[in-house]
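# Tertiary structure, described
What follows is each chain in one-letter form.
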2 protein chains.
Amino acid sequence: MTTEILKGIRVADFSRVFAVPACAQILADLGAEVIKIEEPERGDEARYYGCNAEELEACGGVSPSFHALNRNKLSVGINLALEEGREAARQIVSTCDVVLHNFRVGTMEKFGLGYEDLRVLQPSLIYGEFSAYGPVGDLAKIGANDLALQAHSGLLHLTGEADRPPVRVGTAAIDLHAGMALSTAIMSALFHRERTGRGQFVETSLLRSSAHLMNYFYSEYWLTGKQRSRMGTANHLSVPNQVFPARDGYAVIIAPSDQMWDRCAKALNADRLVRPEFDTIANRQKHRDLLVGLLSGVTQQWPVDKLVQVLGDAKVNVAKVNSVGEAADDAQLEAIGGFLTQPEEDGGRKSVGMPFSMSEVDEIPFRSAPALGAHTRTVLVASGLPPQDFDRMASQGAFGSAFQKNS
Amino acid sequence: MTTEILKGIRVADFSRVFAVPACAQILADLGAEVIKIEEPERGDEARYYGCNAEELEACGGVSPSFHALNRNKLSVGINLALEEGREAARQIVSTCDVVLHNFRVGTMEKFGLGYEDLRVLQPSLIYGEFSAYGPVGDLAKIGANDLALQAHSGLLHLTGEADRPPVRVGTAAIDLHAGMALSTAIMSALFHRERTGRGQFVETSLLRSSAHLMNYFYSEYWLTGKQRSRMGTANHLSVPNQVFPARDGYAVIIAPSDQMWDRCAKALNADRLVRPEFDTIANRQKHRDLLVGLLSGVTQQWPVDKLVQVLGDAKVNVAKVNSVGEAADDAQLEAIGGFLTQPEEDGGRKSVGMPFSMSEVDEIPFRSAPALGAHTRTVLVASGLPPQDFDRMASQGAFGSAFQKNS
């Protein structure tokens, strides 16, 4: 029997793209009814990310990114530029416990859907807002993407080889971390509401998320003035603790203690690694370049799979640098229940699960990411809108061209 | 008036280093009483990360990393290798609502502190466990750090220049994201407990965290077979959307739409950027290398501050590649309340705040990261341990050498 942690909780999610949809998907996974309110003609632009027309078709009509972040949600298409559309949105929100959005500051207020508007009639409403640079200050009105905040936060400066230009973190880490921060905020507000009956306004931004990911670097700078810079794959704390080349790939080797370093040298049958310059932690740090050079010379003669196996057997910390496919197909991810799989008759797709498990929850549902506007009528009627009002508003364009009858 | 969301909640945190302490700090910021249980002689090794002896002294005795992740906590030093120590730990836990740890699988069970042991007397206990590769499967017993999971997950493969070896993400993103995931899990469990009275076991890992950060890449691979590879700072979705060199630094320029590209070319007074090869989105993608080369040739003649100002004024998405210090001292981070500052008399330190704000919470407290074992006696007596029992256990070494009286 599955316990739905968020049974009975209803979420009106006006957001698009990555961060807030990721949060909304966690709420949906935990059993909330998540109503994704989208512009009715094109919807959330993530529906089309990274795909040409054939690829979209092959993926069942939406992009892999949209699949990854929008399972278990209902889709309602509403044109918020029309007063009828805003009336419909307010009808939905009046039945909801949580509102989420990532519009520019002031937009929801223009729609009559700002927190101060809604809290009057719904004092227990939880309202979650998300922005690029935060809700106040000189940059409050500026939109930005994950890469811009990688730059702004110093993360880009720290990523890359020491003597070459910076490179981006290969995934939208600031976006997805912000989605996780918002999830914690929403759950904290729901907890508080259980205790007190009161709702509240919670908020995060790419800026807060990026600062959290950089927090120990900022602390180091504030406390000591020291500023780190990029070091390739190396780490100032210990040696070896970086990527080494194999004959046909790369592996991370982490062997900073004396005992582990000994085992590493022995496992690789490499006499050249056994020398006084490398016999203590301090000496290995001191002769870092020599050590890294010699160890690289050894590892690049090994096939990567054998290198990882031999070092792993010797209890040296090692990890293969996996491609995306090797990582996705990894047996350990499967063993821990790290992804969900649909039944074949529903599409048989796989999707990474939420990043934690809970013993009171046996099973996470997996309903495919919704077609645009698929649940418009059902949700609105269930929200208390009389069917004849729905039809009137539909003919006025409140739900987009798909609902406008030919006269 | 500050509302403490977690007022009255008591947390026994046995964890060390980054991920779980980051979670515990969020609980402490929200008003929980967080009791950090440490090995009594050296404590959490993060106390010493990245610092020599002079630097430690200058930072008030603990490393900047420890400051960044351990405010608002109490520290208790307990030697869990001794039965008296385990008895003391069980005394604390018996008064707690939440237990957190990141020991190797099986360790807490050996101490009589496993979830199955504790839930019998404390059915509403929330127990949070954390591991590198998850609690089951072939890799369950293997320790690993953030870099190893960057490699294992495919994130390392995606980070770096296209024709050069991979580089690490410059911060411990998988660690801190896992801490955020655990925070969501704990708050979800606390919510569930408010509704049902029942506790539960929650769990996460670097593996789950890394898969979540990579989820849309895995979805793309599972759905289409396509596997991405590293691209420097570029992005396959749009052009330009990457880092460009300035005369004295770097800036990210994102101008993928026709109108924004026009404004970019005009703002830079660069006729060479106005050409038919660049006049549509499709053409700019097609002639990516030419565009990037020409735009780089223009930008590297500009001082970075002027480049950012001129493009920002023209409403082109731009962000300077800040150093750590520039990012930490950024006016926008201050404007949004992104960090906390202690009063001068408490040390006057700054620390990045939790990555979200809540309207029911006016102010987050900021008590410095605790000295090792500073609250051992107070916490144990407050947990119901009679003072004479404390003294007996202390003399037997339960709380380390600092508490052993000379005979």
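Residues numbered from 1 in each chain as written. Chains lettered and ligands numbered in written order. Predicted model: local features only at pLDDT ≥ 70, side-chain atom pairs only at ≥ 80, totals over all residues. Heavy atoms only, no water.

Per an unreviewed UniProt entry, chain A is named CoA transferase, and its organism is Roseibium limicola.

## Brief notes about helix α14 (residues 304-313) of chain A
All names here are of chain A. Every buried residue belonging to α14 is among V304, L307, V310 and L311, and all of these are buried. One side of α14 carries all its buried residues, which in axial view fall inside an arc of 135°. On the buried face of α14, the contacting elements are β7 (241-246), β8 (249-254), α11 (258-267), α13 (288-299) and β9 (317-320). (Buried < 20%, exposed > 50% of the residue type's maximum accessible area, 1.4 Å probe, protein only. Helix = DSSP H or I, 4+ residues; strand = E, 2+ residues; numbered from the N terminus. Arc of directions from axis to C-beta. Contact = heavy atoms within 4.5 Å.)

## A few points about the interface of chain B and chain A
Note on interface size: it is often stated as the accessible area lost on association of the parts. Counting residues at the interface gives 138 residues for chain B and 138 residues for chain A. Buried area between chain B and chain A, both sides added, is near 11,800 Å², and the carbon and sulfur share of it is 64%. When the buried surface of chain B facing chain A is broken down by residue, R208, W222 and V324 of chain B rank first, second and third, together holding 7% of it. Linking chain B with chain A are eight salt bridges. Close ionic contact of R164 of chain B with E161 of chain A constitutes a salt bridge, the shortest N to O distance being 2.7 Å. In this structure, the connection of chain B to chain A is made through 64 residue pairs in polar contact (both at pLDDT 80 or more). No other element matches the 16 residues that helix α8 (residues 173-196) of chain B contributes to the side of chain B that touches chain A. In terms of residue class, the side of chain B that touches chain A is built from 69 nonpolar, 48 polar and 21 charged. As judged from the two bridges shared by strand β12 (residues 357-358) of chain A and strand β6 (residues 200-205) of chain B, these two strands associate in the antiparallel manner. Along β6 of chain B, the bridge assignment pairs M358 of chain A with V202 of chain B. (Buried area = accessible area lost by both parts, 1.4 Å probe. Salt bridge = Lys/Arg side-chain N within 4 Å of Asp/Glu carboxyl O. Polar contact = N/O pair within 3.5 Å; in protein donor to acceptor, adjacent residues only side chain to side chain. Nonpolar A, V, L, I, M, F, W, Y, C, P; charged D, E, K, R; others polar. Pairing = 2+ DSSP bridges.)

## Some points on the relation of the copies chain B and chain A
Two copies of a chain can be linked by a rotation about an axis combined with a shift along that same axis. Structural alignment of chain B on chain A gives an RMSD of 0.0 Å, achieved by rotating through 180° and translating 0.0 Å along the axis. Look at the turn and shift together and you get a two-fold axis relating the two. (Least-squares fit on C-alpha atoms with pLDDT ≥ 70 in both.)

## Observations regarding helix α8 (residues 173-196) of chain A
All names here are of chain A. With 24 residues, α8 should reach 34 Å at 1.5 Å per residue; the first-to-last C-alpha distance of 34 Å fits that figure. For α8, the buried fraction is high: 21 of the 24 residues fall into the buried class. Within two residues after α8, G197 carries a phi angle of roughly 80°, on the positive side. (Expected span 1.5 Å × (residues − 1).)

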